[in-house]
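Commentary on secondary and tertiary structure
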Amino acid sequence: MSENNLYKRVFEALMASEPEEKCQLTTAVYQEWQAGGLSRESHDAVMPVENPGRPEKPELVTPQEVPHRKLSSIEGRAALIHAITHIEFNAINLGLDAVYRFRDMPDDFVAGWLQVASEEAYHFGLLRDRLKALGYDYGDFPAHNGLWEMAVKTDFDPMVRMALVPRVLEARGLDVTPGMMERLAQHGDEETVRCLEIILRDEIGHVAIGSRWFHYLCDQRGLDAKEVFRQLITEYMQGGLRGPFHTEARLEAGFTLDELEGLEAMRGK
């Protein structure tokens, strides 16, 4: 496969273990795609990716084992920032994997998810710099792998991936980020609040890209998007979705009021 092949370059970034290298490769492939320098022609089989490239640390534990610390301490704020940094690192891989895996999708799909991956790399850098300013670094706290685990579960169908990763797991960030910003501001951490303002703005766009392609795929298959979304949540998200929902942000991200009413009805069930 030639050096200017999109899928070769994306896979290289996906499997890069060092965060700086992954971010650099991701930004480069997005810029080259925008410049028209990459070909989508490929005769290679799509490889399953059980584990994308990542550093030895952080140690991966269950969500229940991730310790919760009070934001009144520097360590507590660093632990929260670390958790978000880890989400952004995983989100780089999610954007890259969507491009690598779902090769029958239009060029706009490629452009959208490469943009997402590049912006997630930027977010990762912002938060890692913030961690370092507090005396810590990425890998200093344990983290969980739930976001990538859902990517593996949905690697067989782009419609299922678009529904459950951007529109469920990543959309949860839209709900909880304003509250985190408020609590951090109460403890005087305006620098982290500024980082989260940028991230929240961009993440609305990322969820909107997921919404666009979920509806596109439902339309292509003659399916009712609202019903499909409900069925997938029932199948994959045992216990329903956690609330409350940030209605304004979710509407900007491609949800309808009708959908949000349906999510409220399923909440906690």
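In what follows, the structure referred to is the one given above.
Keep in mind it's a predicted model, so treat the numbers as computed, not measured. Every chain is numbered independently, its residues counted from 1 as its sequence is written. Note on the predicted model: pLDDT of at least 70 is required for a residue's local features to be given, and 80 or more for side-chain atom pairs to be given and counted; whole-chain, interface and lining totals, by contrast, use all residues. Side-chain measures here rest on the full set of heavy atoms in the structure, leaving out hydrogens and waters.

Describing a negative patch on the surface
Going by this rule: Patch criteria: residues need more than 30% relative accessible area and no salt bridge. Like-charged residues are merged within 9 Å; nonpolar side chains of Val, Leu, Ile, Met, Phe, Trp and Tyr are merged within 5 Å. Areas reported here follow the Shrake-Rupley algorithm with a probe of radius 1.4 Å; residue values treat only the protein chains shown as occluding. Each salt bridge in this description consists of a side-chain nitrogen of Lys or Arg and a carboxyl oxygen of Asp or Glu lying within 4 Å of one another. All tallies of charge rest on Lys and Arg as positive and Asp and Glu as negative; His and the ends of each chain are not included. Taken as the charge location is NZ of Lys, CZ of Arg, CG of Asp or CD of Glu. Helix and strand labels come from DSSP, where a helix needs a run of H or I of at least four residues and a strand needs a run of E of at least two; each type is numbered from the N terminus.
Negative charge collects at one region of the surface, where Glu 18, Glu 20, Glu 21 and Glu 56 lie side by side. Tracing the sequence through the fold places Glu 18 in the loop between α1 (6-15) and α2 (19-34).

Describing empty space enclosed by the protein
To be explicit about the condition: Only protein atoms enter the 1 Å grid used here. Points where a 1.4 Å probe fits but cannot escape make up a cavity, open sets with protein on both sides within 12 Å along at least five of seven lines make up a pocket, and a residue lines them when an atom lies within 4 Å of a point. Grid points are joined across faces, edges and corners, and a volume is the space filled by probe spheres set on the points. For this scheme, ten residues count as nonpolar: Ala, Val, Leu, Ile, Met, Phe, Trp, Tyr, Cys and Pro. Four count as charged, namely Asp, Glu, Lys and Arg, and the remainder, Gly too, count as polar.
Inspection of every chain in the model, using the stated rule, returns one cavity of 30 Å³ or more. Lining the largest cavity, in full, are Ala 91, Leu 94, Gly 95, Ala 98, Trp 113, Val 116, Arg 161, Met 162, Val 165, Pro 166 and Glu 170. Elements that contribute at least two residues to the lining of the largest cavity include exactly α3 (74-101), α4 (107-133) and α6 (158-186). Counted by class, the lining of the largest cavity contains eight nonpolar, one polar and two charged residues.

Here we look at the packing of α6 against helix α8 (residues 225-236)
Rules: What counts as an axis is a line fitted to C-alpha atoms, over the stretch in contact for a helix, and the angles between N-to-C directions run from 0 to 180 degrees. For this classification, under 35 degrees means roughly parallel, over 145 means roughly antiparallel, 65 to 115 means roughly perpendicular, and everything else is oblique. The contact criterion used throughout is that any non-hydrogen atoms of two residues lie within 4.5 Å.
At their nearest, the axes of α6 and α8 sit 10 Å apart, and the two run at 75° to each other. With respect to α8, the axis of α6 lies roughly perpendicular. Residues Met 159, Val 160, Ala 163, Leu 164, Arg 167 and Val 168 of α6 form the contact with α8, whose participating residues are Val 228, Phe 229, Leu 232, Ile 233 and Tyr 236. Residue classes in the contact of α6 with α8 are distributed as 10 nonpolar, no polar and one charged.

Looking at the packing of aromatic side chains
Basically, it comes down to this: Stacked, edge-to-face and tilted labels apply to pairs of Phe, Tyr and Trp rings (six-membered ring for Trp) whose centres lie within 6.5 Å, assigned for plane angles under 30 degrees, over 60, and everything in between, in that order. Think of it in three bands: with a 1.4 Å probe and only protein chains considered, a residue is buried below 20% of the maximum accessible area for its type, exposed above 50%, and partly exposed in between.
Across all of its chains, the model carries 10 aromatic pairs by this definition. Arranged with centres 5.5 Å apart and planes meeting at 80°, the rings of Phe 109 and Trp 213 form a pair that is edge-to-face. In this pair, Phe 109 sits in helix α4 while Trp 213 sits in helix α7 (residues 190-220), placing the two residues 104 residues apart along the sequence. In this structure Phe 109 comes out as buried when scored by relative accessible area, which is 0%.

Re the packing of α1 against α2
Filter applied, for reference: Helix crossings fall into two classes, left-handed where the near helix is turned counterclockwise from the far one by less than a right angle and right-handed where it is turned clockwise.
Direction vectors running N to C along α1 and α2 enclose 160°, while the axes themselves pass 8 Å from each other. Taken together, the axis directions place α1 and α2 in an arrangement best described as roughly antiparallel. Relative to α2, the crossing made by α1 is left-handed. Residue-level contacts link Leu 6, Arg 9, Val 10, Glu 12, Ala 13, Leu 14 and Met 15 of α1 to Lys 22, Leu 25, Thr 26, Ala 28, Val 29, Glu 32 and Trp 33 of α2.

A closer look at α1
We count it as follows: As used here, the arc belongs to the directions running from the helix axis to the C-beta atoms. By the criterion applied in these results, polar contacts are pairs of N or O atoms within 3.5 Å in which, for protein atoms, one can donate a hydrogen and the other can accept it, and in which residues neighboring in sequence qualify only through two side-chain atoms.
Among the residues of α1, those classed as buried are Leu 6, Tyr 7, Arg 9, Val 10, Ala 13 and Leu 14. Along the axis of α1, the buried positions cluster into a sector of 160°, meaning they face one direction only. Where α1 is buried, its residues meet α2, α3, α4 and α5 (146-153). For α1, the side-chain oxygen to backbone nitrogen distance between the N-cap and Tyr 7 is 2.9 Å, and the N-cap itself is Asn 5.

Some words on the side chain of Arg 101
Relative to the elements of secondary structure, Arg 101 occurs in helix α3. Every residue in contact with Arg 101, bar those within four places of it in the chain, is listed here: Val 46, Met 47, Pro 48, Val 49, Asp 155 and Arg 161.

As for the pattern of salt bridges
In the structure shown here, the tally under the stated rule is 18 salt bridges. As a salt-bridge pair, Arg 9 and Glu 12 come within 4.0 Å of each other at their nearest N and O atoms. You can see Arg 9 and its partner Glu 12 sitting in helix α1, three residues apart, about one turn around the helix. Among the salt bridges present, the one from Asp 175 reaches Arg 250, with a minimum N-O distance of 2.8 Å. Note that Asp 175 is positioned in helix α6 and Arg 250 in helix α9 (residues 247-252), a separation of 75 residues in sequence. For the pair Asp 175 and Arg 250, a shared accessibility class is recorded, and that class is buried. Taken together, the shared-partner salt bridges connect Arg 9, Glu 12 and Glu 32 into one network.

Overview of the environment of His 246
Mapped onto the secondary structure, His 246 falls in the loop between α8 and α9. Sequence spacing of His 246 and Leu 127 is 119 residues, and the spatial spacing of their C-alpha atoms is 23 Å.

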